[in-house]
Amino acid sequence: IEKIQKAAADGRTVFSFEYFPPKTDDGVDNLLERMDRMVAYGPTFCDITWGAGGSTADTTLKIAKSMQNLVCVETMMHLTCTNMPVEKIDHALQTIKSNGIQNVLALRGDPPHGQDKFVQVEGGFSCALNLVKHIKDKYDDYFGITVAGYPEAHPDEIKADGRAPPEAYNRDLEYLKRKVDAGADFIITQLFYDTDIFLKFVNDCRQIGITCPIVPGIMPINNYNGFKRMTTFCKTKIPAEIIAALDPIKENDEAVKNYGIQLGTDMCKKILASGIKTLHLYTLNMDKSALAILMNLGLIEESKISRTLPWRPPTNVFRV
Ligand code: FAD
């Protein structure tokens, strides 16, 4: 948060990269190598997700430690309440604390695979608000806390017509304010493809007194099927012009990827033009699209990589 605030004060634009835990040890090694290459471009931080239902807890913790201490990037770990009694929550927080990690994205979490409703585990928390309160109560100001924000309202509130009723949207917003008032330092948003919806959301947050940075979550379209799957799951509104542009090229992966880079660039340009100076890129563990967007925006240059030495992971460290 300090880095983001300092960049904002200097009028600089900053960016961050999000990754998810791969399933195999080789996948983890590959990810850390890729991350190291991407970190050379100077993201403010990188974050690693917590698999649905806590399914990746050990791998997430292991990757977070390696990010902070081997890749040497400011690391943020996602942490959810699903299947997590408070002892497990504290084990995860103590583990990252003892490894020097100071940033947590505090989430309720989605239900585990095969279940459609979130169920509070015995001895655990029912929502992200209570997790934020717990982190503040127990760890004081040690952790910088981020929370999730939903420009179109949380998917549970979105009805069959693709929209959340105004009262549900407002309720969601008020609840977001409670998360911030309880101690969250900044907000990262759910993915979106209608930039106007994001800008309206930021304005609505400001109207109700949310003053912290609101960082747009940008997910470059890497392939058509992944895009459909993700936007269906998140109930994301897809503007008609994006549907019209993708439909004729949906079988051509290269064309879809190039369109995704152009679209991501245009969305970011509009966001930056509104005065917002922070971008969060959902990399989906790939580098090409995220880096291409940042290059198009003039935020990174091939010749200005901040680290140049090739880096090899000591695999014995990652495989403990
Ligand atoms: P909450 O903030 O608790 O809110 C959930 C919903 O319940 C909202 O609609 C809220 O308004 C409502 N609600 C809860 N309590 C109250 C209350 N007291 N009063 C009124 N309304 C209430 N999932 C993972 O499993 N792992 C991840 O790593 C992960 N990373 C994510 C990163 C980002 C940036 C985002 C946007 C989402 C991520 N998710 C992740 C998905 C997230 O876990 C789900 O969207 C989940 O359903 C809600 O989590 P939350 O933290 O937003 O929940």
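Below: a short report on this structure. Just so it is clear, the model here is predicted, and its values are computed rather than measured.

1. Details of helix H2 (residues 25-39)
Each α-helix turn comprises 3.6 residues. Residues three or four places apart therefore point the same way. Helix length check: H2 (15 residues) gives 21 Å between terminal C-alpha atoms against 21 Å at 1.5 Å per residue, within 8%. Every buried residue of H2 is accounted for by Val28, Leu31, Leu32, Met35, Asp36, Met38 and Val39. The arc that holds the buried residues of H2, viewed along the axis, is 165°, so those residues lie on one side.

2. Some details on the sheet that holds strand E3 (residues 75-80)
Spatial ordering of the open sheet is given by E7-E6-E5-E4-E3-E2-E1-E9-E8, a layout of nine strands whose pairing is parallel. Lying at the two open borders of the sheet, with one neighbouring strand each, are strand E7 (214-215) and strand E8 (217-218). Summarising the sheet, strand E6 (residues 186-189) and E7 pair through two bridges and their orientation is parallel. Considered in E7, the bridge of Ile188 is made with Val215.

3. Points about the environment of Gly54
Its place among the elements puts Gly54 in the loop between strand E2 (46-48) and helix H3 (57-71). By C-beta crowding, Gly54 is classed as buried, having 20 other C-beta atoms within 10 Å. The sequence separation of Gly54 and Cys234 amounts to 180 residues, and the corresponding C-alpha distance is 19 Å. Apart from residues lying up to four places away in sequence, Gly54 is in contact with Thr80, Thr82, Asn83 and Met84.

4. Things to note about helix H7 (residues 195-207)
Along its 13 residues, H7 runs 18 Å from first to last C-alpha, staying within 8% of the 18 Å computed at 1.5 Å per residue. Here H7 has its buried residues at Thr195, Phe198, Phe201, Val202 and Cys205. All buried residues of H7 lie within an arc of 120° about the axis, which places them on one face of the element. Summarising the geometry of H7, the exposed residues directed more than 90 degrees from the buried face are Asp196, Asn203 and Gln207. Summarising the contacts, the buried residues of H7 are in contact with helix H6 (166-181), E6, E7 and helix H10 (253-273). Downstream of H7 by a residue or two, Gly209 has a phi angle that is positive, lying close to 95°.

Cut-offs and rules
Residues numbered from 1 in each chain as written. Predicted model: local features only at pLDDT ≥ 70, side-chain atom pairs only at ≥ 80, totals over all residues. Helix = DSSP H or I, 4+ residues; strand = E, 2+ residues; numbered from the N terminus. Expected span 1.5 Å × (residues − 1). Buried ≥ 20, exposed ≤ 12 C-beta atoms within 10 Å, placed from the backbone. Arc of directions from axis to C-beta. Pairing = 2+ DSSP bridges. Contact = placed C-beta atoms within 7 Å.

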